[in-house]
Amino acid sequence: MSGAGRSTAANVLEDSGWYVVDNLPPHLLVPLTELASTSERTTPITRIAAVVDVRARGFFTHLQESLAELRERGWQPNLVFLDASDEALVRRFESVRRPHPLQGEGRLLDGIVRERDLLQDLRADAQVVVDTSGLNVHQLAKKMTQVFAEPGGPKVRIALMSFGFKYGLPLDADFVFDMRFLPNPFWIPELRNFSGKDTPVAEFVMAQDGAAEFIDRVVELMRPVTAGYIREGRRYVTIGIGCTGGKHRSVAMSEALAVALGSPDVATFVVHRDLGQE
C-alpha cells in the first residue's frame, strides 16, 4: 500500500547487502535477474529486492507472469506486502501533504480504498504481510531485518508482537491470543508504572493461574504448525499477544513465549507495538 513504508523496507534491505531497485516495472524483473547473473562484480548478486507499486502499467499481469518465469529459471521469489490501516495511511499522507497516487479528483480515502481493492488478491498471495500501522521506523527496520536474515539459519522465524486491544488488532497477525484472562498489573499501584519487560511485572504475570499452562499449550499448538510451515516453504509467522493497553500482560507473555518457542529450527523475536503509547 502506498504510504505503508516501502522506502524504509527497501533501505533496510539495502543496508543488509541486498541489491535494491526501486519503482521497477514488473515486466523488468526477469531482465534484472539476467543482468545480475552476467554482472562483472567481484561479489555475485544473489539477493535482489525489487520495489513495485500499483502505478506501473500492466501491474498484475506482468507481476504474476514475471514471478512464474523467475521460478522456472531457478530463482526463489518471495512476495512481501506492506499494509497499514486506512487511518494510519490517511495520517501519513496528510503529514507530508501529498495526494494519494490513485486519488484523482476524489478524497484521499477514495484513493486508499481504490488501491486496497486493486491489491487484495496480491495481498492474499504474499508470503509475508507486514502491518506497519503501529510501527515506527525503527520497529519496522527491526522486523524487516529479522524476516530477511541471512539464509542457512533457522527454517522458520516467529515474531511475537505484543499489542493493546484499544489500539486495534495487528493486520499481519497469523494468530492472536488474548491475555485479558490474567489479572491486570495496572490496578496494582506498585506495578502500574513498570512494563512487562520489568522483572516485577513479568514475575507477577507468570505467577498467575493459567499463565504457565497457556505457554505450554501455545508451544504444543505451534509444534505441528511450524513443522507444516517448514514443509510448505513458509518461513515467517506473526503471533499477536494482546492485552488492554499493550504494556503489562501482553509484553511479559510475548517475552516468555519467545524463549519457549525457540529451537534450532525456529528463531523468535519480539516486537512491542504499543509499549510507550500510554
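Q: I'm lost on the overall build of the protein chain in this one. Help?
A: Regarding its fold elements, the protein chain presents 10 helices and eight strands. Against the 2.2 N^0.38 benchmark of 19 Å for 278 residues, the protein chain shows a C-alpha radius of gyration of 21 Å, consistent with a compact globule. Evaluated residue by residue, the protein chain yields a buried proportion of 44% over its 278 residues. In the protein chain, 79% of the contacts between residues at least 6 apart in sequence involve partners at least 24 apart.

Q: What's the story with the sheet that holds strand S7 (residues 236-243) in this structure? I'm lost.
A: Sheet strands pair by backbone hydrogen bonding; their relative direction is either parallel or antiparallel. The four strands lie next to each other as S6-S7-S5-S8, forming an open sheet whose pairing is parallel. Both edges of this open sheet fall to strand S6 (175-178) and strand S8 (266-272), since each of them pairs with a single strand only. Each adjacent strand pair in this sheet contributes to an overall mean axis angle of 20 degrees, direction not counted. Bridge analysis of strand S5 (residues 156-164) against S7 gives eight bridges, and the strand direction is parallel. What sits directly across from Gly164, in S7, is Cys243. Sheet contacts for helix H9 (residues 211-232): S5, S6, S7 and S8; angle to S6, the most-contacted strand, approximately 180 degrees.

Q: Looking at this structure, how should I read the pairing of S7?
A: Side chains on a regular strand alternate between the two faces of the sheet. Counting buried positions along S7 gives eight out of eight residues, so the element sits mostly inside the fold. Burial along S7 is two-sided: Tyr236, Thr238, Gly240 and Gly242 facing one way and Val237, Ile239, Ile241 and Cys243 facing the other are all buried. Where S6 lies against S7, four bridges are found, and the strand directions are parallel. The residue bridging Phe177 from the neighbouring strand is Ile241, located in S7.

Q: What is the right way to read unusual backbone geometry from this model?
A: Most peptide bonds adopt trans geometry, and most residues besides glycine take a negative phi value. Non-glycine residue Asn23 carries a positive phi angle of around 55 degrees. Turning to its location among the elements, Asn23 is positioned in the loop between strand S1 (19-21) and helix H2 (29-37). We note that Arg97 has phi near 55 degrees; this positive angle belongs to a residue other than glycine. Position of Arg97 among the secondary structure elements: in the loop between helix H4 (86-96) and helix H5 (108-125).

Q: Can you help me understand the side chain of Ser195 in this one?
A: For Ser195, the position within the fold is in the loop between helix H7 (189-192) and helix H8 (199-206). By relative accessible area, which is 11% here, Ser195 ends up buried. Contacts of Ser195, omitting those with residues within four sequence positions, involve Val201, Lys247, His248 and Leu275.

Q: Hey, could you run me through the nonpolar core in this one?
A: Burial of nonpolar side chains together is a common tendency in soluble globular proteins. Counting 46 residues, the largest nonpolar core has Met1 and Met144 as its most contacted members. In this structure, Leu160, Phe177, Ala252 and Met253 belong to the second largest nonpolar core, which totals 28 residues.

Q: Got a minute to help me understand the pattern of salt bridges in this structure?
A: For the structure shown, the criterion picks out 11 salt bridges. With a closest N to O distance of 2.8 Å, Asp86 and Arg116 form a salt bridge. With a gap of 30 residues between them, Asp86 in helix H4 and Arg116 in helix H5 connect regions that are remote in the sequence. Exposure remark for Asp86: the relative accessible area of 29% places this residue in the partly exposed category.

Q: Help me understand helix H6 (residues 137-147), please; the structure alone is not making it clear to me.
A: Each α-helix turn comprises 3.6 residues. Residues three or four places apart therefore point the same way. Restricting attention to buried positions, one finds in H6 the residues Gln139, Leu140, Lys143, Met144 and Val147. What you see down the axis of H6 is that its buried residues fit within an arc of 130 degrees, all on one side. Turned more than 90 degrees away from the buried face of H6 sit Val137 and His138, all of them exposed. Buried residues along H6 sit against helix H1 (6-15), strand S3 (80-83), strand S4 (128-131), S5, S7 and S8. Capping of H6 at its N-terminal end is provided by Asn136; its side-chain oxygen lies 3.0 Å from the backbone amide nitrogen of His138.

Q: Explain the environment of Val251 here, please?
A: In this fold, Val251 is placed in helix H10 (residues 249-261). The spatial distance from the C-alpha of Val251 to the C-alpha of Ile241 is 7.8 Å, given a sequence separation of 10 residues. Dropping the residues within four chain positions of it, Val251 is found in contact with Ser162, Gly196, Lys197, Gly246, His272 and Leu275.

Q: Would you mind going over the packing of H1 against H6 with me for this structure?
A: Remark: H1 packs on H6, axes separated minimally by 9 Å, with the N-to-C direction vectors making an angle of 50 degrees. With respect to H6, the element H1 is oriented oblique. The two elements H1 and H6 cross, and the hand of that crossing is right-handed. Residue-level contacts link Thr8, Ala9 and Val12 of H1 to Val137, Leu140, Ala141, Met144 and Thr145 of H6. Taken together, the residues of the contact of H1 with H6 sort by class into six nonpolar, two polar and no charged.

Conventions and cut-offs
Residues numbered from 1 in each chain as written. Predicted model: local features only at pLDDT ≥ 70, side-chain atom pairs only at ≥ 80, totals over all residues. Heavy atoms only, no water. Helix = DSSP H or I, 4+ residues; strand = E, 2+ residues; numbered from the N terminus. Rg over C-alpha atoms; globule rule 2.2 N^0.38 Å. Buried < 20%, exposed > 50% of the residue type's maximum accessible area, 1.4 Å probe, protein only. Contact = heavy atoms within 4.5 Å. Pairing = 2+ DSSP bridges. Axes fitted to C-alpha atoms, helices over the stretch in contact; angles between N-to-C directions. Core = buried A, V, L, I, M, F, W, Y, C linked by side-chain atoms within 4.5 Å. Salt bridge = Lys/Arg side-chain N within 4 Å of Asp/Glu carboxyl O. Arc of directions from axis to C-beta. Polar contact = N/O pair within 3.5 Å; in protein donor to acceptor, adjacent residues only side chain to side chain. Parallel < 35°, antiparallel > 145°, perpendicular 65-115°, else oblique. Left-handed = near helix turned anticlockwise from the far one by under 90°. Nonpolar A, V, L, I, M, F, W, Y, C, P; charged D, E, K, R; others polar.

All we've got here are geometric facts, nothing functional implied.
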